Amino acid sequence: MAQLPALARLSPPEYEAFKAISALGMTAKDVAAAIAAAAAIAAAAAGATGATLKLNIAQYEIGDTGATFTTDATTTKLYVTIVGGGGGGGHGGSAAAGSGGGSGEVHYRKAVTCAASTGYTVTVGASGSGGSNGTPTGGTGGATSLGALISAAGGVGGVQTGDGGAAGGPGGQNGCPSSVVAGVLMGGGGSTMFGFGAPSRVYVAATTYGISAQGYGAGGGGAWDAGATPTGGAGAPGLVIIEW
């Protein structure tokens, strides 16, 4: 196989490209021509645009709900990450343990078609509240949406001794179950790629409050109640990230 003249003048990436392409049976002249052509195309593109790739990002949290995101005059596609609110943990009731809340539905960098120069209302799902005395089931997390383009449902709240709350949809996790058989287990909340569900834990005191979730979209933990009135942990609120 012929050798490419002046290999020492190639950068490491160019040299690796040379080895890979020449292994396919191309001659040194073919490889050199390919490198030169690629460099010319890159230079022409840079000269034509006079600019580098621009990426815009907007992030909306619970305090931003109700805001309007407006596309510019040339934008017809968005990449949207969206997370529903997490469900609250269940309340144990009389000598019982609550289960964990489910996490919200998650869509990661989903491509959606939009209209240029148009405003879309941002709704960020609220946290599901923890269950309490008289209302043992944790609250369902709020739905998150970007206008009518895309939405993510909230996670379902945990219950009094039983299965954990269901996830809001794809990308979420169900809450963990609770039990009072052979020891007391309070269910933990479901997690998301953006938030940590409250951990499952065993009996530690006659009255044990549920742990709240952290981050975005995760579920709260269940509470143990032996005649008192602790509440389940709250879920975590939703999130919207828009790239264009």
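Note that the coordinates shown come from a computational prediction; the quantities given were computed from them, not determined experimentally.

Mapped onto the elements of the fold, Gly188 is located in the loop between β9 (185-186) and β10 (195-196). By relative accessible area, Gly188 is classed as buried at 0%. Distance in space between the C-alpha atoms of Gly188 and Gly158 is 9.2 Å, their sequence separation being 30 residues.

What follows deals with the sheet that holds strand β15 (residues 239-243). Hydrogen bonds along the backbone pair up the strands of a sheet, which may run parallel or antiparallel. Read across the open sheet, the four strands follow the order β1-β15-β3-β5; overall the sheet is antiparallel. In the strand order of this sheet, the two ends are held by β1 (57-60) and β5 (106-113), each with one partner. Between one strand and the next, the sheet's axes are offset by a mean angle of 15 degrees, whatever the strand orientation. Where strand β3 (residues 77-83) lies against β15, five bridges are found, and the strand directions are antiparallel. Within β15, the position partnered with Tyr79 by the bridge is Glu243.

Attention shifts here to the nonpolar core. Counting residues in hydrophobic clusters, the biggest one holds 16 residues, and the most contacted among them are Tyr60, Phe69, Leu78, Val80, Leu146 and Val240. Among the secondary structure elements, those contributing two or more residues to this core are β1, β3, β6 (119-123), β8 (150-152) and β15. It is β3 that contributes the most residues to this core, three residues altogether. Discounting chain neighbours no more than four positions away, the residues touching Val240 are Ala58, Gln59, Tyr60, Val80, Thr81, Ile82, Val122, Thr123, Val124 and Thr144.

Strand order in the open sheet formed by four strands is β2-β6-β7-β8, and the pairing between neighbours is antiparallel. Lying at the two open borders of the sheet, with one neighbouring strand each, are β2 (68-70) and β8. Adjacent strand axes in the sheet meet at a mean angle of 15 degrees when their direction is disregarded.

With that settled, consider the side chain of Thr192. Relative to the assigned elements, Thr192 resides in the loop between β9 and β10. There is a polar contact of 2.9 Å between the side chain of Thr192 and the backbone nitrogen of Gly195. At 2.8 Å, the side chain of Thr192 forms a polar contact with the backbone oxygen of Tyr216. The contact partners of Thr192, leaving out residues within four places of it in the chain, are Val83, Ser103, Gly104, Val106, Tyr216, Gly217 and Ala218.

It is worth spelling out a nonpolar patch on the surface at this point. Together, Leu185, Val202 and Val204 make up a nonpolar patch on the protein surface, roughly 250 Å² of accessible area in all. Residue classification places Leu185 among the partly exposed residues on the basis of a relative accessible area of 32%.

The subject of this paragraph is the environment of Tyr216. Checked against the element boundaries, Tyr216 lands in the loop between β13 (214-215) and β14 (224-225). Sequence separation of Tyr216 and Ala126 is 90 residues, and the distance between their C-alpha atoms is 10.0 Å. Setting aside chain neighbours within four positions, we find Tyr216 in contact with Gln59, Glu61, Val83, Thr192, Phe194, Gly195, Ala236, Pro237, Gly238 and Leu239.

All told, the structure shown has one aromatic pair when counted by the stated rule. The interplanar angle of 70 degrees and the centroid separation of 5.1 Å between the aromatic rings of Phe69 and Trp244 together place this pair among those described as edge-to-face. Residue Phe69 is found in strand β2, and its partner Trp244 is found in the segment after β15; the two are separated by 175 residues along the sequence. By relative accessible area, Phe69 is classed as buried at 4%.

On to unusual backbone geometry. Phi at Arg109 is positive, roughly 50 degrees, even though this residue is not glycine. Inspection of the secondary structure assignment puts Arg109 in strand β5. On the basis of relative accessibility, which here comes to 36%, the residue Arg109 falls in the partly exposed class. The phi torsion at Thr161 lies on the positive side, around 55 degrees, for a residue other than glycine. Summarising the element assignment, Thr161 is placed in the loop between β8 and β9. By relative accessible area, which is 33% here, Thr161 ends up partly exposed.

Reading the values: the criteria
Residues numbered from 1 in each chain as written. Predicted model: local features only at pLDDT ≥ 70, side-chain atom pairs only at ≥ 80, totals over all residues. Heavy atoms only, no water. Helix = DSSP H or I, 4+ residues; strand = E, 2+ residues; numbered from the N terminus. Buried < 20%, exposed > 50% of the residue type's maximum accessible area, 1.4 Å probe, protein only. Pairing = 2+ DSSP bridges. Axes fitted to C-alpha atoms, helices over the stretch in contact; angles between N-to-C directions. Core = buried A, V, L, I, M, F, W, Y, C linked by side-chain atoms within 4.5 Å. Contact = heavy atoms within 4.5 Å. Polar contact = N/O pair within 3.5 Å; in protein donor to acceptor, adjacent residues only side chain to side chain. Patch = residues over 30% accessible without salt bridge, like charges linked within 9 Å, V, L, I, M, F, W, Y side chains within 5 Å. Areas by Shrake-Rupley, 256 points an atom, 1.4 Å probe, with all protein chains shown as cover. Salt bridge = Lys/Arg side-chain N within 4 Å of Asp/Glu carboxyl O. Phe/Tyr/Trp six-rings, centres within 6.5 Å; stacked < 30°, edge-to-face > 60°.

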